[in-house]
Amino acid sequence: MALEQPLCWYTGENVLQFYLLNVEEGLMTLIVFPNKVVMLFDCNITSDNEDEILAFLERVIPEDYNADKQQYEKPIHIFVNSHRDEDHYRGLRKINGRFPIKSIWDSGQTGATTNSPDYQYYIYLRRALKAKDPNNLFVPVPSNIPVINYGGVDVYCLAAEEDFVQDYINKGLFEASTRIQHTNSMVLLIEYSGQKLLMTGDSDWKSWRDKIVPNFNYGGFLKSNILIASHHGSCSFFTDEE
């Protein structure tokens, strides 16, 4: 299901931990930063894996004190939704019920499964968190400058929603085999202690050809120690053939 012992990178006593969870055809990556900030990159909770996944998260997510509620809890400080396809936010209600989500990072691109209960819950939670504090909703802009640093860990955004996609559609140049939510899937690069983890969501060949490689392929910036292959490792990461 997942590695019971995390993959870790160290700087002295400071440890970055990350877990790659087996959720079959979906995606779910848990990261615990050295300062105990918890990030969940996508989720896919199903009736088949629910008990096992929730029990696993219960074991590995650190406890934190909620001063407002005057009680301890195990929060997910950041839920990153790489894009709004159901296998990347399925079961979010169950996650939030056990591990309160404090903020959302969103690609900014609308999804394709807008009528599903999981989609509607994601949008509800997104709006509720934003209403509580606008800073609780973040749509990062791709940049070679870290969007944030947690406990000495730099987090870069390499892809998210881009206006050029609509230009391509208007000009009739957008390939029929390409899905907008995949071209605009969020891609994050995490760098710590000279090591890099590249989380690619469902980014497609077009995103890499037209955005990521032209903008970031210099000085070995894209060279990573661990690559979580896009589209769950399918060939659509590399080719336009679905």
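Quick note: structure is the one above.
Residues numbered from 1 in each chain as written. Predicted model: local features only at pLDDT ≥ 70, side-chain atom pairs only at ≥ 80, totals over all residues. Heavy atoms only, no water.

(A) Just the side chain of glutamate 73, in detail. Structurally, glutamate 73 can be placed in strand E7 (residues 71–73). Not counting the four nearest positions on each side in its chain, glutamate 73 is found in contact with Pro62, Glu63, Asp64, Asn66, Pro100 and Lys102. (Helix = DSSP H or I, 4+ residues; strand = E, 2+ residues; numbered from the N terminus. Contact = heavy atoms within 4.5 Å.)

(B) Just the side chain of aspartate 204, in detail. As for its position among the elements, aspartate 204 is in the loop between strand E15 (195–199) and helix H6 (205–216). For the buried residue aspartate 204, which engages in no salt bridge, the nearest side chain bearing the opposite charge is lysine 211, 7.1 Å off. (Buried < 20%, exposed > 50% of the residue type's maximum accessible area, 1.4 Å probe, protein only. Lys, Arg positive; Asp, Glu negative; His and termini not counted. Salt bridge = Lys/Arg side-chain N within 4 Å of Asp/Glu carboxyl O.)

(C) Layout of the sheet that holds strand E12 (residues 148–150). With mixed pairing, five strands are arranged side by side in an open sheet as E12-E13-E14-E15-E16. Both outer strands of the open sheet, E12 and strand E16 (226–228), are each paired with one neighbouring strand and no more. When the angles between neighbouring strand axes are averaged without regard to direction, this sheet yields 20°. Pairing of strand E14 (residues 187–192) with E15 involves five bridges; the strand directions are antiparallel. Bridge pairing in E15 links tyrosine 192 to glutamine 195. Seen against the sheet, H6 touches strand E13 (153–159), E14 and E15 and runs at an angle of roughly 135° to E13. (Pairing = 2+ DSSP bridges. Axes fitted to C-alpha atoms, helices over the stretch in contact; angles between N-to-C directions.)

(D) Highlighting the packing of aromatic side chains. All chains considered together, the criterion is met by 11 aromatic pairs. Geometrically, the ring pair formed by phenylalanine 216 and phenylalanine 221 is stacked, given 5.9 Å between the ring centres and 25° between the ring planes. Take phenylalanine 216: its relative accessible area is 3%, and that puts it in the buried class. Exposure remark for phenylalanine 221: the relative accessible area of 10% places this residue in the buried category. The ring centre of phenylalanine 221 lies 4.9 Å from the NZ or CZ of lysine 196, which sits over that ring. (Phe/Tyr/Trp six-rings, centres within 6.5 Å; stacked < 30°, edge-to-face > 60°. Lys NZ or Arg CZ within 6 Å of the ring centre and 35° of its normal.)

(E) Inspection of the nonpolar core at higher detail. Leu21, Met28, Leu30, Leu57, Phe79, Ile95 and Ile101 are the most contacted members of the largest nonpolar core, which totals 31 residues. For this core, the secondary-structure elements that each account for two or more residues are strand E3 (29–32), strand E4 (38–41), helix H1 (50–60), helix H2 (92–98) and helix H3 (117–132). Discounting chain neighbours no more than four positions away, the residues touching leucine 57 are Leu21, Met28, Leu30, Ile95 and Phe99. Of all hydrophobic cores here, the second largest spans 23 residues; its members include Val37, Phe41, Val153 and Ile190. (Core = buried A, V, L, I, M, F, W, Y, C linked by side-chain atoms within 4.5 Å.)

(F) Here's a closer look at the environment of valine 153. When you line up the elements, valine 153 lands in strand E13. Sequence separation of valine 153 and serine 193 is 40 residues, and the distance between their C-alpha atoms is 8.0 Å.

(G) Layout of the pairing of E3. Of the two faces of E3, the one lined by Thr29 and Ile31 and the one lined by Leu30 and Val32 are each fully buried. Relative to E3, strand E2 (residues 14–20) is paired through four bridges, and the arrangement is antiparallel. Paired with phenylalanine 18 across the bridge in E3 is isoleucine 31. Pairing analysis gives four bridges linking E3 to E4, with the strands arranged antiparallel. Bridge pairing in E4 links leucine 30 to leucine 40.

(H) Quick peek at the pattern of salt bridges. Taken as a whole and judged by the stated rule, the model has eight salt bridges. One salt bridge connects lysine 94 with glutamate 50, and the closest N-O pair in it is separated by 3.0 Å. Taken as a pair, lysine 94 in helix H2 and glutamate 50 in helix H1 lie far apart in primary sequence, 44 residues in all. A salt bridge links arginine 98 to glutamate 58; the shortest N-O distance between them is 3.6 Å. Of the two residues, arginine 98 is situated in helix H2 and glutamate 58 in helix H1; the sequence distance between them amounts to 40 residues. Its relative accessible area of 31% is what places glutamate 58 among the partly exposed residues. Each of the salt bridges in this network shares a partner with another, and the network as a whole consists of Glu58, Lys74 and Arg98.

(I) Seen up close, unusual backbone geometry. Unlike most non-glycine residues, aspartate 42 shows phi in positive territory, near 65°. On the secondary structure map, aspartate 42 appears in the loop between E4 and strand E5 (43–44). The buried category is assigned to aspartate 42, whose relative accessible area is 0%.

All quantities given are derived from atomic positions and should not be read as evidence of function.
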